[in-house]
Every structure is written in C-alpha cells, then in structure tokens.
Amino acid sequence: MPGLPVWTRLCPVDVLRHPVVAGVAELLAAPDIQAALHEGQRAGTYPAEVVAALRRIGVARLYTDEAEVFHLCGLNAIAAAVDGSLAITLGVNALALLPVHLGAGPELRARIFKKINDGAFAAMLLTELDHGSNLLRNEAAATPHPDGGYRLSGEKHLINGATHHDVLVALMRTARGGAVAFGDFSVFCVDRDDSVEALPRWSTLPARAADIAGVRFHGTHVPEDSLVGKLGDGFSLVQRTLTLSRGGISGLASGSASGALALALAYAHTRDVYGAPIVGLDAIADHLVAHAELDLVTAAMAVKAAVAANALGIGAAIYTAAAKLACCALAEEAVEQGRRVVSSRALLADRPYEKFVRDVTLYGVFDGTSHLMLTDLSLRLPQIVKARDDVEPTLPRVAAMFAAPARPLAALGDARAPVRHLDLPAHARALDAIDGGVGFSAFVALADALVALGRGLRGHKAWNDQGVRFALAEALAWLECAFAAVELADPARRAAVGAPAWSSGQPVSPDILVGALAGLGLRARARLLEVAAAAGLPVPGDMSEVERTLVATRTAARPGARAWVRAQVP
C-alpha cells in the first residue's frame, strides 16, 4: 500500500495482514477522510465521524482481546502519518487499557473490554495541574464509601479524551502517609456518570482537534471490583504501563516523520521555480536527504522498541526509554527539514504541512519528558557499563527478541522481569563483523569509549553533575539507534538477527542508511567528548579518526542519496 510510514516496512511483523489495521490504513488514505481531518484540525473539533468509521471497521479489536504490541504501535504510526489529533485519540485507548491488561482480574477485564467492543473509548487520568508529571504529589483521592466501594473526589487535567471518552482509568490517592510513598495510590476503572464533570477543553497548539480537557469527580461512587489490581499498587502499575507505552509514543513520532516527508517530497517534485522542480536543486535535495535519514532512524528505533517490549516485557525499559527520547527528538528535526523545503507554505493553516510542525512537538512530552527519559537511562548506566567476566554472544540474544511471537499485553507486565541489555562493545563488534552493505567500525570505537567513560565516572565527582550523566545517557541513545538502524535496514545484518526479508524490496536507499548512521555516530561522538571534557577524563580511542571516517562515508554517499530522493516521484 503506497504512502505508508517506514515503520510498517521495517517491522518484522507485517501488521497490514491484520484486516483491521489494513482497513484503517485504507480509510485514512482516502482524500475525503484526510480533508475532514484537516478541517477538524482547523476548527478544533473532535474527529467524531472518522472515529465512528474506525469503530465500524472494528478498531476496538486492537485494544481488547487481540491487543499486542506490533498492531498497536503500527496503528499509531499509520494514524500519525495522516493526522496527529486522530493518532492520539486512538492511541490513548491503548495507554488507558494497558493497566487493565496488566493488572485487572478476569471479570473486570471482561467487563471493560465489552464496553470498548460495544463502542466506548477509554481515557487515562494521571496528571493534575499543580503537579504535572510528579504523580506522587497528586491529590485526587478515593476514600472508602459507606455503602461499600470508594468515593472519588478531586480533579485531573490535561487528559486526552476527557469529555468524549466514557471509560476512565484513574490513578487516585488511597492513602496519605507522612512522606511520599509509592503505596499511596491505586488505579480504578470509572464509568462516566452525572457525578463526573467534564471541564472545558484546553486550547492546545498541537493536536487542535484532540479532546484534551479536565475531569472533576463529585463524590463519584465506584464499586470495590472497579479496583485494578491491589489497593496501593497503582503507582507501580502506572510505571509498568509507561515503560511499555513509550514504544507506542515512538511509533507516533515515526509516523509523523514519515507523513511530513511524503508531503515535502511531493512539494519538491511539483514546485517549479526556475523552470524545473526544486528537487533538482542540491540544497533542497539535501534537506530531503536529511529528512529521509531522520525518518529511517526514527522508524528503526521505534520498531526495535516494539520488538524488545514484545519479547522482554517491562525488561525492555532501556530500549523503550531510548526510543522515547531519540524518536521524539529526531522526528522534530525531520519535520524541520521538511519545513525548510515547503518554506512559507508550511506556515499556512489551510495547507497540510503545518499540522506536522505543530503536532510533532507533543510526542516528546507524552508519557514522560525527555528529561525523565535521560534520568531513567542515566540511572541504568552503571549496570550497562559494568565489567563482565564472560560476555554472552549478542546476536543470538537479538535474534531471540526478533523471533519471539507476538504476545498478549497481559504477558508483558511481570514486575519481576529483569531489565535486559546487551554488552555494547560486544554487540558493536558482532555487527561490524558481518559483511553488510554499510561499514560499522566507527561504532566499535564509540561503544568502547562510552563504556570506558562510564567506568571512569564511577566514584568521580563529575558523576554528581546531571549534565554529565545526561550527555552520557544521550550518547547511549544514539548508539542504540545505530544498532537498530543497521539491524533493520541493512539486508545482511537484518538476516543475521533473524528478521524476515522485506516483501517488496529494500525500503530505503543504502546511501540514506549510510548518512543516517554517520549522523548518529557524530552525535554520539560529540556527547562523549563533552563528557570527557567536563570530567577531565582522557578521551578513549581516536575520536578524530571516528569523525573523519563518518564524514567521509556520508560525503561519499551523498550523490546516491540525492539521486534517491529525486527518484521518489509522487
């Protein structure tokens, strides 16, 4: 199917074999549907008619008994490539129902799923205006009700689906100790009734048609069996939910990058300024090349996060945090490259590109900001760089992830699952040893440098500097992106990790892959040099040679990359 995001072509699972996913893609490709969504963005109106059409297709099946990672992330990418408001309207169902999959008993799960299958949509009620992402300070409470069950009071804000969605999955305070405590919160499934007040919608810069508003509980009564999991397990359940949902957010970012690239390519191939399409101008072609490189990396890392989440469950925390951090940042850069091609028309509300300029900024703050992702990764760095006596071969472990069959979401949330990660230098060497279509030797040096610096910072005063920790964590994210890109987009490495070959040929030019890898390597190198300088540590390896290698390979690939974008005739 033409026009699909790169995510769908890199994914080892053909999500379009599912009739509902294929039906969604076909519906959203229709010009009249796209026109309706565009008008809804301009008017700021909830996409009710399109949502109704998607319900008729059977989209609820993807959220309930048939729910699994690949279909949900693919749905996010496909929808975000067309319209960000619709994408998050659909995506919030997966987010809100994740705690039900992970923690609810069979009776509650069946009851909630029946409502969704009958046409209801769900909303996740986490944040409060005064506390934002600091959930442990939340005040909205559930207290014992005289007639049994619980009475809910307080407000939740910046809630997606707050006025239109009827199944409310709410994190509520159920205890109030003297200090902040993880066990003070529980999750409830709440049916909207007259005691649930929908507050006015927020006027947002991105996703203007999305239903982002607040909810106020006026003594809302919920029965005992509406509790998801055990009393006091709410914060832990939400943490497990967000660990998995971050792969879905990276899918949104990937779809946005791909959708924007399609518009930028179409414009460059049809806009005639000097007697020929502007794609013939090297400066324009270079913006498109950069956009395509960023699109490829975003898709690869988002797919790798989905693969890891499916195989490892919450043990994939490093992969999903790296994907959430990197994919959202790279998608913003990708859309900016396309904006430079489309130029002033990207700033016009009646033209389609401007929605990507607005909407892409939202994904970076969903389900944890970039600072939270950097904090999470930096806390895990000591584990990642720890010296090991025996290093397990990495390719079989990656192949096992790719070979894992799609699992139901309920199987992914075991809180006892250990966080998994590969030995970075060993995996870089394993990938470099494969005779693929692109070189990878620079990443061996970069992986060695990251581990050496990480070990050098152990007990060092510079480790107390959050900026140093964040720079090293960011370098880790760029290395993970490089691993994902070469595993998924280079045919020889893709075969080595057990991912199936593409059904319709290589999805991107090898020259685009070369440039994408070079960009990632230069990003990682810059962060590693920053760490070394801040800590006064020697620079491991020859970073000048790494730079020369990466710049030379990107320069050599540039003519082929330009030719590729010029061949992408709409």
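Trainee: What's the story with the nonpolar core in this structure? I'm lost.
Mentor: Within soluble globular proteins, side chains that are nonpolar tend to cluster in buried spots. Among the nonpolar cores identified, the biggest contains 201 residues, and Trp7, Leu10, Leu28 and Leu288 are the most heavily contacted of them. Those residues in contact with Trp7 that lie beyond four places of it in its chain are Val15, Phe70, Cys73, Gly74, Ala77, Gly251, Ser254, Ala299, Ala302, Val303 and Ala306. Core analysis: the second largest hydrophobic core is formed by 19 residues, Ala140, Tyr150, Leu152 and Val215 among them.

Trainee: I would appreciate a short explanation of the environment of Thr298 in the present structure.
Mentor: Here Thr298 shows up in helix H9 (residues 282-312). Under the relative-accessibility criterion, Thr298 is labelled buried at 0%.

Trainee: Hey, could you run me through the pattern of salt bridges in this one?
Mentor: Close approach of charged atoms allows side chains of opposite charge to pair. Per the stated rule, a full pass over the model turns up 30 salt bridges. Taking the shortest distance from any N to any O, the salt bridge between Glu155 and Arg216 comes out at 2.6 Å. Linking Glu155 in strand E3 (residues 150-160) with Arg216 in strand E7 (residues 212-222), this pair joins segments that are 61 residues apart in sequence. Judged by its relative accessible area of 30%, Glu155 is partly exposed. Residue Arg380 pairs with Asp376 through a salt bridge whose shortest N-O separation is 3.2 Å. Placement of both Arg380 and Asp376 in helix H12 (residues 370-385) is noted, with a separation of 4 residues, approximately one turn of the helix. Exposure remark for Arg380: the relative accessible area of 22% places this residue in the partly exposed category.

Trainee: Is there a simple way to think about the environment of Gly214 in this case?
Mentor: Along the chain, Gly214 turns up in strand E7. Look at Gly214 and you get buried, because its relative accessible area is 0%. With 52 residues separating them in the primary sequence, Gly214 and Ala162 have C-alpha atoms 5.8 Å apart. Residues within four places of Gly214 in sequence aside, it is in contact with Lys156, His157, Ala162, Glu197, Ala198, Leu199 and Pro200.

Trainee: I'm lost on the packing of aromatic side chains in this one. Help?
Mentor: The geometry of an aromatic ring pair is captured by the separation of the ring centres together with the interplanar angle, meaning the angle of the planes. Using the criterion set out here, one finds 6 aromatic pairs in the structure. Centroid distance Tyr63 to Phe121: 6.4 Å. Interplanar angle 85 degrees. Geometry classified as edge-to-face. Placement of the pair is Tyr63 in the loop between helix H4 (48-57) and helix H5 (69-80) and Phe121 in the loop between helix H7 (106-117) and strand E1 (122-125), with a sequence separation of 58 residues. Given a relative accessible area of 2%, Phe121 falls into the buried group. Three or more aromatic residues joined by ring pairs form one cluster here, namely Phe440, Phe443 and Phe483. Taking the ring centre of Phe121 as reference, the NZ or CZ of Arg55 above it sits at 4.3 Å. Stacked on the ring of Trp478, the Lys or Arg Arg523 has its end atom at 5.1 Å from the ring centre.

Trainee: Looking at this structure, how should I read a positive patch on the surface?
Mentor: Taken together, Lys386, Arg388, Arg455 and Arg458 make up a surface patch of like positive charges. Assignment of secondary structure puts Lys386 in the loop between H12 and helix H13 (394-403).

Trainee: Please clarify how the packing of H13 against helix H14 (residues 424-432) should be interpreted in this entry.
Mentor: The angle between the axes and the distance between the axes are what describe a pair of packed helices. It is the contact of H13 with H14, at a shortest axis distance of 9 Å, that shows an interaxial angle of 85 degrees. One way to sum up the angle between H13 and H14 is to call them roughly perpendicular. Note on element contacts: H14 touches H13 through Ala426, His427, Ala430 and Leu431, opposite Thr394, Leu395 and Val398. Residue classes in the contact of H13 with H14 are distributed as 5 nonpolar, 2 polar and no charged.

Trainee: So what exactly am I meant to see when it comes to the pairing of E7 here?
Mentor: Put simply, side chains in a regular strand alternate between the two faces of the sheet. Across 9 bridges, the pairing between E3 and E7 is antiparallel. Directly across from Lys156, in E7, lies its bridge partner Val215. Bridge count for strand E6 (residues 196-198) against E7 is 3 bridges, and the pairing is antiparallel. Paired with Val196 across the bridge in E7 is Phe217.

Trainee: Honestly, the pairing of E1 in this entry has me stumped. Any pointers?
Mentor: Alternating positions in E1 separate into two faces, Ala122 and Met124 on one and Ala123 and Leu125 on the other, with burial throughout. When E1 meets strand E4 (residues 167-173), the two strands line up parallel, connected through 4 bridges. What sits directly across from Leu125, in E4, is Ala170.

Trainee: How do you make sense of unusual backbone geometry when you look at a structure like this?
Mentor: Leaving glycine out, the prevailing phi sign among residues is negative, and the prevailing peptide bond configuration is trans. One non-glycine residue, Leu158, lies in positive phi territory at about 55 degrees. Along the chain, the position of Leu158 falls in strand E3. Given a relative accessible area of 49%, Leu158 falls into the partly exposed group. In this structure, Ser343 is a non-glycine residue whose phi angle is positive, near 60 degrees. Positionally, Ser343 belongs in the loop between helix H10 (317-342) and helix H11 (353-363). Residue classification places Ser343 among the partly exposed residues on the basis of a relative accessible area of 40%.

Rules behind the numbers
Residues numbered from 1 in each chain as written. Predicted model: local features only at pLDDT ≥ 70, side-chain atom pairs only at ≥ 80, totals over all residues. Heavy atoms only, no water. Core = buried A, V, L, I, M, F, W, Y, C linked by side-chain atoms within 4.5 Å. Buried < 20%, exposed > 50% of the residue type's maximum accessible area, 1.4 Å probe, protein only. Contact = heavy atoms within 4.5 Å. Helix = DSSP H or I, 4+ residues; strand = E, 2+ residues; numbered from the N terminus. Salt bridge = Lys/Arg side-chain N within 4 Å of Asp/Glu carboxyl O. Phe/Tyr/Trp six-rings, centres within 6.5 Å; stacked < 30°, edge-to-face > 60°. Lys NZ or Arg CZ within 6 Å of the ring centre and 35° of its normal. Patch = residues over 30% accessible without salt bridge, like charges linked within 9 Å, V, L, I, M, F, W, Y side chains within 5 Å. Areas by Shrake-Rupley, 256 points an atom, 1.4 Å probe, with all protein chains shown as cover. Lys, Arg positive; Asp, Glu negative; His and termini not counted. Charge placed at Lys NZ, Arg CZ, Asp CG, Glu CD. Axes fitted to C-alpha atoms, helices over the stretch in contact; angles between N-to-C directions. Parallel < 35°, antiparallel > 145°, perpendicular 65-115°, else oblique. Nonpolar A, V, L, I, M, F, W, Y, C, P; charged D, E, K, R; others polar. Pairing = 2+ DSSP bridges.

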